[in-house]
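Residues per chain, in single letters:
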Amino acid sequence: MQIFSLDGEWTLQQTGKKETVKAVVPGNVHTDLLTAGKIPDPYYRDNEDSLQWVGESGWTYSREFQISEEFLEHGEKIILRCYGLDTLAVIKINAREIARTENMFRTYEFDGTGILKKGRNTIDIKFESTLPYIRKKQAAHPIPLRSGPHTIPGGNWVRKEQCNYGWDWGPVLLTCGIWRHIELVAVRTA
């Protein structure tokens, strides 16, 4: 077995915008935007209120990487292993969609055999905001469990860290991103 880490420097782009910022994986949108100087400290005073657009937006993490012929020849099967994707994501390698995710709390493994090539490769992971989904579900069948001035109702509809939607002790900071390690694994046997 050989492992090729995809952790490290990526780029981050808001859906519908041209500008990109440097991102670090593992991480999340808020920390990358804060590091790039694009948002103020979300925990200072009422900055939380002016940053709700972050959770309303979709975000794409992208990077290029080089794969050696040795790595490709080592694997009868090449697996993309994602230890933590938050939450609704579409994954593309070399512009080819290989998977969609909808659960922040699990490790995913996807078959990348035949998609990777020697030399330059690309990976894009587009995260959709969970808000349109939960609003649609709430309209059809409201979940009365969460309410209050610092919460977004309906967060229970998705498998995501619930405090992102607010809590009595914390702010509403709906984020997303590659929050745990991500790697390619080349294997010869099961």
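As the structure is a prediction and not an experimental result, all values here were calculated from the model.

Chemist: Any chance you could explain helix α5 (residues 131-140) here in plain terms?
Modeler: Three or four residues apart is the spacing at which side chains of an α-helix point the same way, because the helix has 3.6 residues per turn. Along α5, the positions that sit buried rather than exposed are L131, I134 and Q138. Here the buried residues of α5 occupy an arc of 70 degrees about the axis, which is enough to place them on one side. Residues of α5 that are exposed and point more than 90 degrees away from the buried face comprise P132, K136, A139 and A140. Residues of α5 that are buried in the fold lie against α3 (52-56).

Chemist: Explanation requested: the packing of aromatic side chains in the structure shown.
Modeler: What characterises a pair of aromatic rings is the spacing of the ring centres plus the angle enclosed by the ring planes. As enumerated under the stated definition, the model contains five aromatic pairs in all. Their ring planes at 45 degrees and their centres at 6.1 Å tell us that W53 and W59 sit as a pair that is tilted. The structure contains a cluster of three or more aromatic residues connected by ring pairs, namely F4, F65 and F71. The lysine or arginine in question, R180, covers the ring of W179, its NZ or CZ lying 5.6 Å from the ring centre.

Chemist: How should empty space enclosed by the protein be read in this particular structure?
Modeler: One way to see where empty space is left: roll a probe the size of a water molecule over the atoms. One pass over the structure, following the stated rule, counts one cavity of 30 Å³ or more. By volume, the largest cavity is sized at about 80 Å³. E128, S129, T130, T175 and C176 are the residues nearest the centre of the largest cavity, which is lined by 14 residues in total. Partitioned by chemical class, the residues of the lining of the largest cavity number five nonpolar, six polar and three charged.

Chemist: Teacher, can you tell me more about the pattern of salt bridges here?
Modeler: A pair can form between side chains of opposite charge whenever their charged atoms are brought close. Taken as a whole and assessed by the stated rule, the structure comprises ten salt bridges. Here E69 and K118 are joined by a salt bridge, their closest N and O atoms 3.5 Å apart. Of this pair, E69 sits in helix α4 (residues 69-74) while K118 sits in the loop between β9 (108-111) and β10 (119-128), and the two are 49 residues apart along the sequence. In this structure E69 comes out as partly exposed when scored by relative accessible area, which is 40%. Among the charged side chains, a network of salt bridges with common partners joins R81, E109 and E183.

Chemist: It is not clear to me how the sheet that holds strand β12 (residues 182-187) should be interpreted in this structure. Could you clarify?
Modeler: Note: strands within a sheet are paired through backbone hydrogen bonds, in either parallel or antiparallel orientation. An order of β1-β12-β5-β9 is seen for the four strands of this open sheet, with the pairing classed as antiparallel. Looking at which strands have only one partner, the edges of the open sheet turn out to be β1 (2-5) and β9. The average angle at which neighbouring strand axes cross in this sheet is 25 degrees, direction not considered. Pairing geometry for strand β5 (residues 77-82) and β12, over six bridges, is antiparallel. Along β12, the bridge assignment pairs C82 with I182.

Chemist: Help me understand the layout of surface pockets, please; the structure alone is not making it clear to me.
Modeler: What the largest pocket holds in volume is close to 320 Å³. N28, Y43, N164, L173 and T175 are the residues nearest the centre of the largest pocket, which is lined by 18 residues in total. The greatest single-element share of the lining of the largest pocket, amounting to three residues, is contributed by helix α1 (residues 29-35). Its residues assigned to classes, the lining of the largest pocket shows ten nonpolar, six polar and two charged.

Thresholds, definitions, all that
Residues numbered from 1 in each chain as written. Predicted model: local features only at pLDDT ≥ 70, side-chain atom pairs only at ≥ 80, totals over all residues. Heavy atoms only, no water. Buried < 20%, exposed > 50% of the residue type's maximum accessible area, 1.4 Å probe, protein only. Helix = DSSP H or I, 4+ residues; strand = E, 2+ residues; numbered from the N terminus. Arc of directions from axis to C-beta. Contact = heavy atoms within 4.5 Å. Phe/Tyr/Trp six-rings, centres within 6.5 Å; stacked < 30°, edge-to-face > 60°. Lys NZ or Arg CZ within 6 Å of the ring centre and 35° of its normal. 1 Å grid on protein atoms, 1.4 Å probe; cavity = no way out; pocket = protein on both sides within 12 Å on 5 of 7 lines; lining within 4 Å. Points joined across faces, edges and corners; volume = space filled by probe spheres on them. Nonpolar A, V, L, I, M, F, W, Y, C, P; charged D, E, K, R; others polar. Salt bridge = Lys/Arg side-chain N within 4 Å of Asp/Glu carboxyl O. Pairing = 2+ DSSP bridges. Axes fitted to C-alpha atoms, helices over the stretch in contact; angles between N-to-C directions.

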